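Now for the letters of each chain:
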Amino acid sequence: MAKKVVATLQKGSGKGHTRVIKMVKSPKTGAYTFRTEMVTNDAVKDFFNKK
């Protein structure tokens, strides 16, 4: 399964996207959770700058 995903991301327009992972602290419990998204390469900095 993983080989298929990697192969599809390397063809054509898949190279224009990046999977980003951000650690977000919960205001209620104080525990950290991970937020992942697939964004375009142009929007990576915007993803990390927004709160």
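Note that the coordinates shown come from a computational prediction; the quantities given were computed from them, not determined experimentally. (Residues numbered from 1 in each chain as written. Predicted model: local features only at pLDDT ≥ 70, side-chain atom pairs only at ≥ 80, totals over all residues. Heavy atoms only, no water.)

J.: Give a description of the overall build of the chain that names residues and reports values.
T.: Along the backbone of the chain there are two helices and two strands. The N-to-C order of helical and strand elements in the chain reads α-β-β-α. Of the contacts formed within the chain by residues at least 6 apart in sequence, a portion of 28% connects residues at least 24 apart. (Helix = DSSP H or I, 4+ residues; strand = E, 2+ residues; numbered from the N terminus. Contact = heavy atoms within 4.5 Å.)

J.: Could you give me a rundown of the side chain of Lys22, with the residues and numbers involved?
T.: Here Lys22 is to be found in strand E1 (residues 17-25). Although Lys22 lies buried, it forms no salt bridge, and the closest oppositely charged side chain, Glu37, sits 8.8 Å away as judged by the N-O distance. (Buried < 20%, exposed > 50% of the residue type's maximum accessible area, 1.4 Å probe, protein only. Lys, Arg positive; Asp, Glu negative; His and termini not counted. Salt bridge = Lys/Arg side-chain N within 4 Å of Asp/Glu carboxyl O.)

J.: For the packing of aromatic side chains, give the residues involved together with the corresponding values.
T.: Scanning the model with the defined rule gives one aromatic pair in all. Geometrically, the ring pair formed by Phe47 and Phe48 is edge-to-face, given 5.2 Å between the ring centres and 80° between the ring planes. For Phe47, a relative accessible area of 2% gives the class buried. In this structure Phe48 comes out as partly exposed when scored by relative accessible area, which is 39%. One cation-aromatic arrangement involves Lys22 over Phe47; the distance from NZ or CZ to the ring centre is 5.9 Å. (Phe/Tyr/Trp six-rings, centres within 6.5 Å; stacked < 30°, edge-to-face > 60°. Lys NZ or Arg CZ within 6 Å of the ring centre and 35° of its normal.)

J.: Tell me about the pattern of salt bridges, and name the residues and values.
T.: Enumeration according to the criterion identifies one salt bridge in this entry. Across the salt bridge formed by Glu37 and Arg35, the nearest N and O atoms sit 3.4 Å from each other. A relative accessible area of 30% means that Glu37 is categorised as partly exposed.

J.: Now, about the environment of Thr29: what can you tell me, with residues and values included?
T.: Summarising the element assignment, Thr29 is placed in the loop between E1 and strand E2 (32-40). You can call Thr29 exposed: its relative accessible area is 63%. A distance of 3.5 Å separates the side chain of Thr29 from the side chain of Ser26, its partner in a polar contact. A polar contact is formed between the side chain of Thr29 and the backbone nitrogen of Ala31, at a distance of 3.2 Å. (Polar contact = N/O pair within 3.5 Å; in protein donor to acceptor, adjacent residues only side chain to side chain.)

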